[in-house]
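# Descriptive structure summary
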Amino acid sequence: AQSVTQLDSHVSVSEGTPVLLRCNYSSSYSPSLFWYVQHPNKGLQLLLKYTSAATLVKGINGFEAEFKKSETSFHLTKPSAHMSDAAEYFCVVTRANFGNEKLTFGTGTRLTIIP
Amino acid sequence: EPEVTQTPSHQVTQMGQEVILRCVPISNHLYFYWYRQILGQKVEFLVSFYNNEISEKSEIFDDQFSVERPDGSNFTLKIRSTKLEDSAMYFCATSRGYNEQFFGPGTRLTVL
């Protein structure tokens, strides 16, 4: 069994300041972890993924996430927020290296950027 | 860059009617999935499909739901008799395997 807890339902930051979106996971297996972003009225876009290689993962648009097994965390960060980052962000877990495994989503964090 | 497409983008139907949601996967992908997102809630897994069979389904995926790949390209989700609570955004996702799933833009289903 696996689950994801996104610790903040809503985060607001000022443009140009750092972003931190928190995610903790639980998994009976070695996990693969993802962050997806959903802009208003749009589909789900993959930001980045961890699949048991490097623990610091770089994604698109300047986002990064660090897999910390001891803390069962996979927090998403960005050094400097941009207005276009305003969206809903989902942390996702699945079973690593398993060909046909479903994704389990967190409840999402809505990121608001203050001009 | 290849992408998953879904039609229609928005479907409005009356309660009790049948709907079919369509997805065109990325051409070399073998694994197919449907997820749904009720407004304001998280994305939930419905069903996975591989080699013309259902691999796994959730509790949501009851007898009113079915999936098929009728012509080797489209992947469809059918809801036989829609209920008000079926109103949601339905996402198709496809994969070559080993975790990374590519999502379509979604179909917004509204049941009146």
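Residues numbered from 1 in each chain as written. Chains lettered and ligands numbered in written order. Predicted model: local features only at pLDDT ≥ 70, side-chain atom pairs only at ≥ 80, totals over all residues. Heavy atoms only, no water.

## Some remarks on the overall build of chain A
Applicable threshold: Secondary structure follows DSSP: runs of H or I at least 4 residues long count as helices, runs of E at least 2 residues long count as strands, and numbering of each begins at the N terminus. Burial here depends on accessible area, computed with a 1.4 Å probe over protein chains only, as a share of the maximum for the residue type. Under 20% is buried, over 50% is exposed, and the range in between is partly exposed. We call two residues contacting when some pair of their heavy atoms lies within 4.5 Å. A 1.4 Å probe and the Shrake-Rupley method give the accessible areas. Residues count as covered only by the protein chains that appear here. Only four residue types enter the tally: Lys and Arg on the positive side, Asp and Glu on the negative side; His and the chain ends are excluded. Lysine's charge is taken at NZ, arginine's at CZ, aspartate's at CG and glutamate's at CD.
From N to C terminus, chain A includes zero helices and twelve strands. Taken from N to C terminus, the helices and strands of chain A fall in the order β-β-β-β-β-β-β-β-β-β-β-β. Projecting the C-alpha coordinates of chain A onto the three principal axes gives extents of approximately 40 × 30 × 20 Å. For chain A, the proportion of its 115 residues judged to be buried stands at 46%. Counting only contacts in chain A whose residues sit at least 6 apart along the sequence, the fraction spanning at least 24 positions is 58%. If you sum the accessible surface of chain A, you get close to 5400 Å²; carbon and sulfur atoms cover 51% of it. In chain A, which carries 10 positive and 8 negative side-chain charges, the distance between the mean positions of the two groups comes to 6 Å.

## Quick look at the state of the cysteines
Residues and elements named next belong to chain B. So the rule is basically this: The definition used for a disulfide is geometric: two cysteine sulfur atoms within 2.5 Å.
Per the stated rule, a full pass over the model turns up two disulfides over all chains. The disulfide that involves C23 links it to C92, with 2.0 Å between the sulfurs. Between C23 and C92, the disulfide has an S-S torsion of -60 degrees and is therefore left-handed. Of the two residues, C23 is situated in strand 3 (residues 19-24) and C92 in strand 9 (residues 88-95); the sequence distance between them amounts to 69 residues. The exposure classification of C23 matches that of C92, with both residues buried.

## Here's the deal with the packing of aromatic side chains
We count it as follows: Aromatic rings from Phe, Tyr and Trp, taking only the six-membered ring of Trp, are treated as a pair when their centres fall within 6.5 Å; an angle between ring planes under 30 degrees marks them as stacked, one over 60 as edge-to-face, and anything in between as tilted. The rule is short: NZ of Lys or CZ of Arg within 6 Å of the ring centre and within 35 degrees of the ring normal puts a charge over the ring.
Tallied over the entire structure, the rule returns 19 aromatic pairs over all chains. Measuring from centroid to centroid gives 6.0 Å for F90(A) and F105(A), while their planes differ by 75 degrees, and the two rings are edge-to-face. Here F90(A) is found in strand 10 (residues 87-95), whereas its partner F105(A) is found in strand 11 (residues 104-105), with 15 residues between them in sequence. A single burial state applies to F90(A) and to F105(A), both of which are buried. The rings of F34(A), Y36(A), F90(A), F105(A), Y33(B), Y35(B), F45(B), F91(B) and F103(B) are connected pair by pair, giving a single aromatic cluster. Over the face of the ring belonging to Y29(A) we find R95(A), whose NZ or CZ atom lies 3.9 Å from the ring centre.

## Notes on the interface of chain B and chain A
To keep things clear, this is the line we draw: Two parts lose some accessible area (1.4 Å probe) when they are put together, and adding that loss for both gives the buried area. Salt bridges are defined as contacts in which a side-chain nitrogen from Lys or Arg sits within 4 Å of a carboxyl oxygen from Asp or Glu. Each polar contact in these results corresponds to two N or O atoms within 3.5 Å; when the atoms are within protein, one needs to be able to donate a hydrogen and the other to accept it, and residues that are neighboring in sequence are counted only if both atoms are side-chain atoms. Any residue outside Ala, Val, Leu, Ile, Met, Phe, Trp, Tyr, Cys, Pro, Asp, Glu, Lys and Arg is labelled polar, Gly included; the first ten of those are nonpolar and the last four are charged.
Facing 20 residues of chain B, the contacting portion of chain A comprises 24 residues. Between chain B and chain A, a total of about 1800 Å² is buried, with carbon and sulfur atoms accounting for 52% of that surface. Salt-bridge contacts for E56(B) lead to K102(A); the nearest nitrogen and oxygen are separated by 3.3 Å. Seen at the junction of chain B and chain A, the total is six residue pairs in polar contact (both at pLDDT 80 or more). Every element with two or more residues in the side of chain B that touches chain A is listed here: strand 4 (31-37), strand 5 (43-50) and strand 6 (53-57) of chain B. Across the side of chain B that touches chain A, the residue classes tally to ten nonpolar, seven polar and three charged.

## Concerning the pattern of salt bridges
When their charged atoms lie close together, side chains carrying opposite charge are able to pair. All names here are of chain A. Scanning all chains against the criterion turns up seven salt bridges over all chains. Close ionic contact of R22 with D8 constitutes a salt bridge, the shortest N to O distance being 3.0 Å. Of the two residues, R22 is situated in the loop between strand 3 (19-21) and strand 4 (23-27) and D8 in the loop between strand 1 (2-6) and strand 2 (10-14); the sequence distance between them amounts to 14 residues. Overall, the relative accessible area of 33% leaves R22 in the partly exposed class.

## Some remarks on unusual backbone geometry
Residues and elements named next belong to chain B. Here the residue pair T7 and P8 is connected by a cis peptide bond, since its omega of -10 degrees sits within 30 degrees of zero. Position of P8 relative to the elements: it lies in the loop between strand 1 (5-7) and strand 2 (10-13). In this structure, N51 takes a positive phi of about 55 degrees despite not being glycine. Mapping N51 onto the fold places it in the loop between strand 5 and strand 6. Here the phi dihedral of N52 falls at roughly 65 degrees; this positive angle occurs in a residue that is not glycine. Assignment of secondary structure puts N52 in the loop between strand 5 and strand 6.

## Describing the side chain of Q38(A)
Position of Q38(A) among the secondary structure elements: in strand 5 (residues 31-38). Sequence-distant contacts of Q38(A), that is, excluding residues within four places in its chain, are made with G43(A), L44(A), A87(A), E88(A), F90(A), Q37(B) and F91(B).

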